[in-house]
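Residues per chain, in single letters:
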Amino acid sequence: SKLFYKSSELYGLFESAKEINKLNNVIIVEGYTDVISLHHSNFQNTVASLGTAFTKLHLQKLKRYSKNITFCFDGDKAGHEAAWKALQNCLEGYTDDLRIDFCFLSDGHDPDQLARSNPQKLKNSLNNTMKLSEFLISKIREHLNLDSPEDASRFVNEISLINEIIKLILLGSFLILIYMIKIID
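A brief look at the structure comes next. Since this is a predicted model, take the numbers as computed values, not measurements.

1. Structural notes on the pairing of strand β2 (residues 26–29)
Okay, step 1: Across the two faces of β2 the burial is the same, with V26 and I28 and I27 and V29 all buried.
Okay, step 2: Pairing between β2 and strand β4 (residues 68–74): three bridges, direction parallel. Following the sheet pairing, V26 is matched in β4 by I69.
Okay, step 3: In terms of strand pairing, β2 meets strand β3 (residues 46–49) through three bridges, oriented parallel. Looking at β3, one finds that V29 is bridged to A48.

And the structure:
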């Protein structure tokens, strides 16, 4: 609706804003129960999208609070798929001042369970994350045999395409910066 746009809202952002600013980091989880459990376990810089995949609108909103973003997902197939979708949606809004990391929980845990059963293990997991670039490359390599010339070529082509997208995004950011400098002068 015109009043409420679900794809841009984040559950727990109002309650988390001060802690996100203080820690200069935001943790993004998949669901509101994860947010509640993490808040109860003193991870009060946690938010979640409202039943939708993470979008570039979410990213734009969060960049106002912190440039350090950590996605925390279940380590299962669904968690990896959600992370991949989040990564793809982040690329369009990615700027060179952002740090985006991914945390995949092991042992069949989800953030809600781990926050309640072993907050220290959750903290350790959040301190041992995968950078956006590492996740991107591992995901592209996932079904490729780089010993095969055909697969190696596919890998290079996919990385080159993503590299071109990132260059365009960074060029756009650079041009905006140049324009702003000229306005100020």
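2. Focus: the pairing of β4
Okay, step 1: Most of β4 is tucked away, with six of its seven residues classed as buried.
Okay, step 2: Examined bridge by bridge, β4 and strand β5 (residues 99–105) share seven bridges and lie parallel to one another. By the bridge assignment, F73 is partnered in β5 with F104.
Okay, step 3: For the segment spanning β4, helix α4 (residues 77–93) and β5, crossover handedness is right-handed.

3. Considerations on the environment of T95
Okay, step 1: Structurally, T95 can be placed in the loop between α4 and β5.
Okay, step 2: Separated by 28 residues in the primary sequence, T95 and K67 have C-alpha atoms spaced 9.4 Å apart.

4. Describing the pattern of salt bridges
Okay, step 1: The tally for this structure, following the rule as stated, stands at five salt bridges.
Okay, step 2: As a salt-bridge pair, K67 and D97 come within 3.4 Å of each other at their nearest N and O atoms. In this pair, K67 sits in the loop between α3 (56–62) and β4 while D97 sits in the loop between α4 and β5, placing the two residues 30 residues apart along the sequence.
Okay, step 3: Assessed through its relative accessible area of 31%, K67 is described here as partly exposed.
Okay, step 4: A salt bridge links D112 to R116, with the nearest nitrogen and oxygen atoms 2.9 Å apart. Remark: R116 and D112 occur in helix α5 (residues 111–117); sequence separation between them is four residues, near one turn of the helix.

Parameters at a glance
- Residues numbered from 1 in each chain as written.
- Predicted model: local features only at pLDDT ≥ 70, side-chain atom pairs only at ≥ 80, totals over all residues.
- Heavy atoms only, no water.
- Buried < 20%, exposed > 50% of the residue type's maximum accessible area, 1.4 Å probe, protein only.
- Helix = DSSP H or I, 4+ residues; strand = E, 2+ residues; numbered from the N terminus.
- Pairing = 2+ DSSP bridges.
- Right-handed = clockwise from strand over helix to strand, strands pointing away.
- Salt bridge = Lys/Arg side-chain N within 4 Å of Asp/Glu carboxyl O.

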